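# A structural walkthrough
If you want the building blocks of each chain, they are given just below.
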Amino acid sequence: IELVEAGARIGSMPLSQAPTQKKQKSSGAFGATGLEAAFDEFDAAQATSGTIMKIELINFKNHAHLAVDLKPGVNFVFGKNGSGKSALLEGCMVALGSKASTVKSGTRLSSYIQSGKNTATVKLWLYNGGADRYMPDSFGPQILIERVIDNKSNRHIAKAADGSVIATKASEIGEICDHFNINVANPCVVLTQDKAKHFLGSTDACVRYKFFMEATGLDVTRDNILAMLDEIDRMGLEMERFDGDQEKLKGTVAAKKKDWEQATALARYEGEIASLERKLKFVHAAAAQAELDAARAKVDEHTANYAQAESKLQRNRDAAGAAEAAHTEAEARTSNVGNQVSSIIAQINTLKDEHAAADKARSSAKMKSELAESRALKLREESKSLLARAKQQQLSFEKRQLDAEKKRDARRLALKEKQAQVAELLKQLESAEEQLFSEHSSLPTRAAEERGQEDILTRGLNTLQSQHKALSQASGPEQRLTLLDSGKPLAKWVQLIEANAHRFSAKPIGPIGMYVSITDAKFQLAIEGCLGNLLTSFVLTSHKDRLEFEMLLSQARLPFPDIITKQFEDRELPIPDSALPDRLRFRLMLDAVKFSHPMTQHAIVDRAGIERHVLIESDEEGAAILFVPGGTRNVTKAWLADCYSMHKRGHTEATDKPPNGSGKKRTGVDTRTELLQITAEIGEKSRTRRAEAPLRRAQQQRRQP
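Residues numbered from 1 in each chain as written. Predicted model: local features only at pLDDT ≥ 70, side-chain atom pairs only at ≥ 80, totals over all residues. Heavy atoms only, no water.

## Looking at a nonpolar patch on the surface
Selection criterion: Residues qualify for a patch when their relative accessible area is over 30% and they have no salt bridge, like charges being joined within 9 Å and the nonpolar side chains of Val, Leu, Ile, Met, Phe, Trp and Tyr within 5 Å. Here, Shrake-Rupley sampling with a 1.4 Å probe gives the accessible areas, and only protein chains in the shown set may cover a residue. Criterion for a salt bridge: a side-chain nitrogen of Lys or Arg within 4 Å of a carboxyl oxygen of Asp or Glu. Labels follow the DSSP assignment, with helices taken as runs of H or I lasting at least four residues and strands as runs of E lasting at least two, numbered in each case from the N terminus. The rule is simple: take the accessible area with a 1.4 Å probe, protein chains only, and divide by the maximum for that residue type; under 20% is buried, over 50% is exposed, in between is partly exposed.
Together, Leu-266, Tyr-269 and Ile-273 make up an exposed nonpolar region whose accessible area comes to about 240 Å². The topology assignment puts Ile-273 in helix α8 (residues 218-301). Take Ile-273: its relative accessible area is 30%, and that puts it in the partly exposed class.

## Concerning the packing of helix α11 (residues 490-499) against helix α13 (residues 543-555)
Our working rule: Axes here refer to lines fitted to C-alpha atoms; in helices the fit is confined to the stretch in contact. Angles between the N-to-C directions go from 0 to 180 degrees. By the definition adopted for this analysis, an angle is roughly parallel if under 35 degrees, roughly antiparallel if over 145, roughly perpendicular if from 65 to 115, and oblique otherwise. Two helices cross in a left-handed way if the nearer one is turned anticlockwise from the farther one by less than a right angle. They cross in a right-handed way if the turn is clockwise. In this description, contact between two residues means that some pair of their heavy atoms is separated by no more than 4.5 Å. By the convention adopted, Pro, Cys, Tyr, Trp, Phe, Met, Ile, Leu, Val and Ala count as nonpolar, Lys, Arg, Asp and Glu as charged, and the other residues, Gly among them, as polar.
Running from amino to carboxyl end, α11 crosses α13 at an angle of 120 degrees, the nearest separation of the two axes being 11 Å. Our classification of the angle between α11 and α13 gives oblique. Remark: the crossing between α11 and α13 carries right-handed chirality. Residue-level contacts link Trp-493, Leu-496 and Ile-497 of α11 to Phe-549, Leu-552 and Leu-553 of α13. The residue inventory of the contact of α11 with α13, partitioned by class, reads 6 nonpolar, no polar and no charged.

## Concerning the sheet that holds strand β3 (residues 63-69)
Filter applied, for reference: In this scheme, strands are said to pair when DSSP sees at least two bridges between them.
The 6 strands lie next to each other as β3-β2-β5-β6-β7-β8, forming an open sheet whose pairing is antiparallel. Every other strand in the sheet has two partners, leaving β3 and β8 (165-167) as the edge strands with one partner each. Taking each pair of neighbouring strands and ignoring which way they run, the sheet shows an average axis angle of 20 degrees. The sheet strands contacting helix α2 (residues 85-95) are β2 (52-60), β3, β5 (119-127), β6 (142-150) and β7 (154-159), and the helix crosses β2 at an angle near 105 degrees. Contacting β6, β7 and β8, helix α5 (residues 170-179) crosses the sheet at an angle of about 50 degrees to β7.

## Let's talk about unusual backbone geometry
Following Gly-510, the chain continues into Pro-511 via a peptide bond in cis, with omega recorded as -10 degrees. For Pro-511, the position within the fold is in the loop between α11 and β9 (516-518). Here the phi dihedral of Asn-59 falls at roughly 55 degrees; this positive angle occurs in a residue that is not glycine. Summarising the element assignment, Asn-59 is placed in strand β2. Residue class for Asn-59 comes out buried when judged on its relative accessible area of 16%. Here the phi dihedral of Arg-557 falls at roughly 55 degrees; this positive angle occurs in a residue that is not glycine. Here Arg-557 shows up in the loop between α13 and β11 (563-565). Exposure remark for Arg-557: the relative accessible area of 44% places this residue in the partly exposed category.

## Points about the pattern of salt bridges
Applying the stated criterion to the full structure yields 16 salt bridges. Here Glu-617 and Lys-522 are joined by a salt bridge, their closest N and O atoms 2.6 Å apart. Taken as a pair, Glu-617 in the loop between β14 (613-615) and α15 (619-626) and Lys-522 in the loop between β9 and α12 (524-531) lie far apart in primary sequence, 95 residues in all. With a relative accessible area of 47%, Glu-617 lands in the partly exposed category.

## Examining the confidence of the model for the protein
For clarity, the cut-off: Along the chain, pLDDT gives the predictor's confidence residue by residue, from 0 to 100.
Across the protein, the average pLDDT comes to 76, with 77% of residues at or above 70. When the elements of the protein are averaged for pLDDT, strand β1 (residues 13-14) gives the smallest value, 44, and β5 the largest, 93. Contacts of residues 1-29 to residues separated by more than four positions or lying in other chains number 90 contacts, the stretch itself having pLDDT below 50. Low confidence marks residues 649-672, where pLDDT is under 50. Its contacts with residues over four positions away, or in another chain, come to 28 contacts.

## With respect to the nonpolar core
It is characteristic of soluble globular proteins that their nonpolar side chains tend to be buried jointly. Applicable threshold: Think of a nonpolar core as a cluster: buried Ala, Val, Leu, Ile, Met, Phe, Trp, Tyr and Cys residues, connected wherever their side-chain atoms sit within 4.5 Å.
Membership of the largest hydrophobic core comes to 40 residues, with the highest contact counts inside it found for Ile-55, Leu-124 and Ile-143. Those elements that provide at least two residues to this core are β2, β3, α2, α3 (100-103), β5, β6 and α5. When residues in this core are grouped by element, the largest group, 7 residues, is from α2. Judged by nonpolar contacts, the second largest core, of 27 residues, contains Ile-509, Ala-526, Leu-535 and Met-599.

## Comments concerning helix α14 (residues 598-608)
The periodicity of an α-helix, 3.6 residues per turn, causes residues three or four positions apart to be oriented the same way. When you tally the buried positions in α14, you get 8 out of 11 residues, the bulk of the element. Those residues of α14 that fall on the buried side of the exposure criterion are Met-599, Thr-600, Gln-601, His-602, Ala-603, Ile-604, Val-605 and Ala-608. In the core, the buried residues of α14 are packed alongside β9, α12, β10 (538-540), β11, β13 (593-595) and β14. Count one or two residues on from α14 and you reach Gly-609, which has phi positive near 65 degrees.

## What about the packing of aromatic side chains?
Rules: Two rings belonging to Phe, Tyr or Trp (six-membered ring only in the last case) form a pair when the distance between their centres is within 6.5 Å. Interplanar angles under 30 degrees mark stacking, angles over 60 mark edge-to-face geometry, and anything in between is tilted. In this scheme, Lys NZ or Arg CZ marks a charge over a ring once it lies within 6 Å of the ring centre and within 35 degrees of the ring normal.
Following the criterion strictly, the structure yields 9 aromatic pairs and no others. Judged by centre distance (5.1 Å) and plane angle (5 degrees), the ring pair of Phe-60 and Tyr-112 falls under stacked. With a gap of 52 residues between them, Phe-60 in strand β2 and Tyr-112 in the loop between α3 and β5 connect regions that are remote in the sequence. Among the residues examined, Phe-60 registers a relative accessible area of 0% and is labelled buried. Given the relative accessible area of 4%, Tyr-112 is considered buried. The structure contains a cluster of three or more aromatic residues connected by ring pairs, namely Trp-493, Phe-504, Phe-538 and Phe-549. Over the aromatic face of Trp-125 sits the side chain of Lys-54, whose NZ or CZ is 4.9 Å from the ring centroid.

## A look at the pairing of β6
Look at any regular strand and the pattern is simple: side chains alternate between the two faces of the sheet. Taking burial as the measure, the 9 residues of β6 include 8 buried ones, the bulk of the element. Of the strand pairs in this sheet, β5 and β6 are connected by 9 bridges, and their pairing is antiparallel. Across the sheet, the residue bridging to Trp-125 is Leu-144, located in β6. In terms of strand pairing, β6 meets β7 through 6 bridges, oriented antiparallel. Paired with Ile-149 across the strands is Asn-154, a residue of β7. Linking β6 to β7, which pair antiparallel, is a turn of 3 residues.

## Brief notes about the pairing of β5
Extensive coverage of β5 is indicated by the burial of 8 of its 9 residues. Pairing of β2 with β5 involves 6 bridges; the strand directions are antiparallel. The residue of β5 that forms the bridge with Ile-58 is Thr-121.

Written out as structure tokens, the structure reads:
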């Protein structure tokens with residue numbers, strides 16, 4: 001049983017002989033030594049990463065505790081029905097994350113718990129070596145996947161080689177399976193008995209198409225394509241939203257740029273104001289210095305006039321006070337302008353930060369847009385490729401449908417031809433029915449004719465009795481076979497064939513007894529007993545002639561003889577000496593019979609096999625021929641003159657000769673008893689026919705419209 005696509009196969013051993021291991025105290029799979037040996041064995045065999053190394057079932061279905069160590073390569077499990085082979089496969093699927101409905105339709109995980117137990121545990125060890133290892137730093141050389149099932153929930157974990165728990169979520173177990181390319185839901189990876197029966201037993205094309213989609217992974221591809229198309233649509237909406245946000249950001253940036261220009265102009269104005277302030281200070285200082293020089297000059301000039309100079313000095317002091325006040329007022333105004341400039345600078349810094357954030361958002365949006373465009377382009381290319389594959393598969397499917405339609409058309413034409421043939425047969429049946437109705441109308445006349453034929457037959461019977469008496473008293477062998485089973489209407493059969501010979505593709509040959517003569521009267525009873533009903537049989541060369549003959553017999557209300565339908569060659573059958581008994585040692589029954597028509601020889605050799613029958617004088621001679629060690633070559637029966645035959649049963653048994661008075665019949669025919677029986681049967685048939693004549697006439701009247 002193949003378990004998983006990338007996994008090992010279960011060991012080549014009967015399930016009843018699988019080793020049952022006790023639980024070990026250590027957290028490793030095989031113990032330290034067993035782990036190293038198993039890993040070295042798988043590593044030496046260059047096993048694929050993710051190969052199953054060991055399976056352990058505890059209270060799972062009919063296994064109380066089963067542990068199976070696997071080998072690299074192909075492994076097999078065999079055992080009797082009900083021994084738990086399928087449980088091993090289902091345990092692997094459950095351990096690898098499969099749902100119970102995926103493993104077997106209509107089941108639950110709790111149904112795997114052994115009767116009388118509360119929990120069931122499945123453990124699966126995966127080989128984590130090779131080039132495709134999964135998180136080797138965390139898991140080590142092996143991965144232990146353990147799933148514990150109870151009546152209410154289940155626990156799914158993955159452990160490392162040292163027993164530490166690495167993964168506790170189903171999604172993490174799924175990532176391990178995806179890494180090793182293990183998909184237990186794919187029927188070509190794990191083919192369960194239910195899926196195989198459902199696929200092979202179903203005639204619904206939809207079921208087989210669904211199986212094909214699951215096996216090839218096209219259903220997953222289709223879902224991925226649909227998901228990608230939805231993602232493309234979502235990314236398109238996101239890009240449209242980004243475009244709208246980008247326009248808003250552009251407006252914000254323009255506004256912030258305008259504010260920046262205004263702030264720059266304010267800074268320029270601030271520099272001009274500072275320059276003007278410096279110039280104003282220099283102007284005031286120069287004016288004060290000029291006034292001071294003039295005052296000193298005046299003081300020097302007017303030293304004599306102190307009072308005048310003192311008054312002028314006071315005036316100058318007053319002018320200096322006014323200038324100082326003006327200077328203080330100018331400084332206050334300058335301080336107010338500085339505060340305004342500081343506020344404007346703070347606004348400018350805020351605008352710079354907002355502009356930097358806008359630039360960052362714009363670059364992020366641009367990167368996202370480029371990433372979305374690249375992903376959309378990649379998805380479009382994948383979509384085109386997948387659509388091309390889907391179109392190719394659709395064309396292939398349409399071609400198969402067209403071929404199936406052509407086959408159905410051919411079958412319809414064949415059915416139409418058969419319907420035409422059936423219609424032709426119905427026409428023939430209608431004509432035959434009309435003929436039967438016409439014959440029913442002539443029943444009274446035919447009844448009179450039959451009574452006349454009965455008289456003729458009675459006279460013929462008397463003639464046959466006299467002929468038999470004459471033949472039985474004759475010394476030479478003659479044809480007695482025409483008297484065999486004379487109760488059958490041989491003459492009527494022959495007359496019917498002669499009257500309708502034109503209706504046959506080849507004239508029927510029969511009865512066969514008319515074409516057979518016996519050359520040895522001593523073994524006449526033996527030969528008659530061997531041939532039996534073949535003497536009253538007819539040989540026809542085709543089934544069409546047989547149907548025609550049977551229809552003629554039904555119309556004539558004659559019983560059916562034994563009919564042999566076979567295309568024999570119209571020449572004597574050449575039998576090689578290697579296929580015959582030794583003629584020098586034995587008397588062959590074939591040599592004691594002569595055939596006047598080659599097809600009768602073919603029929604008797606084909607049906608009775610007389611070419612391997614020998615004629616014997618005593619039982620001892622027959623036993624010496626038939627029952628010697630190894631048997632006698634090409635001899636199947638030995639016949640005594642009294643019609644008793646000895647023949648092989650297997651290689652050692654023989655039919656005992658019936659003792660006298662035992663009541664057992666011989667295969668030969670007593671002609672006197674047979675003639676008396678024939679006479680009684682003819683009389684009984686005549687009386688029955690006369691008694692049924694009124695009933696037949698009444699039935700005919702009811703059938704007429």
